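# Breakdown of the fold
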Amino acid sequence: MDSGIFIANPNAPTGIYLTLPQIEEIVKSNKDNIVIIDEAYIDFASDESAASLIDKYDNLLVVQTFSKSRCLAGMRLGFAFGNENLIQGLKNIKYSFNSYTINRLSILAGIEAIKDEKYFKDTVSKIIKTRENTKKELKLLGFNVLDSKSNFLFVSHKNVFAEDIYLKLKDNGILVRYFKSDIINNYIRVTIGTDEEMSTFIENIKQIVSN
């Protein structure tokens, strides 16, 4: 392999999702490169993981995490799918760069998270439903809302600059992410919380964009 190509799917911070055929085309067109697909948010996309392609392509490595949809951010647990050689390569070097050692409690928490399929599906379903409802509310308020397939929204308003929205929300005790990079400096990233939390967020946003 010559080098590596790294793709977050769904993307961060936009939340935009590349379809499986699109991912496959990238992998197929880069057979001399390792293509790493970071699927930290894949469960919120309600679509197929690129892990279904690993038997077809030796250059594909798919990584996922317990931090998002399985609600175990503090445990620093993750896993990878790939052919035997790629996985062995990870095992050979992981102790050189992995600063998060996994203890027994973390391992047990991960096992139980995998077992509890009902809680996992219910949690993901609630977040997707709340995300879609929040999208609709923000569009009614004049926001450009990217078609996020993650557990957050990436939005901008046609009249109020993103940093101003960010600062006013912060003054009211509501924290969102703001990025000063030129390409995305008029967007904020809004993490999806409970229905009650998002209702409070929307009420604050209404006040901000109407003044």
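In this report, the structure presented in the accompanying data block is examined.

### Remarks on the sheet that holds strand β5 (residues 143-145)
Judged by pairing direction, the sheet is antiparallel, and its 4 strands sit side by side in the order β5-β6-β8-β7 without closing on themselves. The open sheet has two free edges, formed respectively by β5 and β7 (177-178), since each of these has just one partner strand. Relative to strand β6 (residues 152-157), β5 is paired through 3 bridges, and the arrangement is antiparallel. By the bridge assignment for β6, V145 is matched with V155. Sheet strands touched by helix α5 (residues 162-171): β5, β6, β7 and β8 (188-191). Its angle to β8, the strand with the most contacts, is close to 40 degrees.

### With respect to the packing of α5 against helix α6 (residues 195-210)
Remark: α5 packs on α6, axes separated minimally by 10 Å, with the N-to-C direction vectors making an angle of 125 degrees. Between α5 and α6, the angle falls in the class oblique. Judged by the sense of rotation from one axis to the other, the crossing of α5 with α6 is right-handed. Seen from α5, the contacting residues are I165, K168 and L169; seen from α6, they are F201, N204, I205 and I208. When its residues are assigned to classes, the contact of α5 with α6 shows 5 nonpolar, 1 polar and 1 charged.

Rules of the game
Residues numbered from 1 in each chain as written. Predicted model: local features only at pLDDT ≥ 70, side-chain atom pairs only at ≥ 80, totals over all residues. Heavy atoms only, no water. Pairing = 2+ DSSP bridges. Helix = DSSP H or I, 4+ residues; strand = E, 2+ residues; numbered from the N terminus. Contact = heavy atoms within 4.5 Å. Axes fitted to C-alpha atoms, helices over the stretch in contact; angles between N-to-C directions. Parallel < 35°, antiparallel > 145°, perpendicular 65-115°, else oblique. Left-handed = near helix turned anticlockwise from the far one by under 90°. Nonpolar A, V, L, I, M, F, W, Y, C, P; charged D, E, K, R; others polar.

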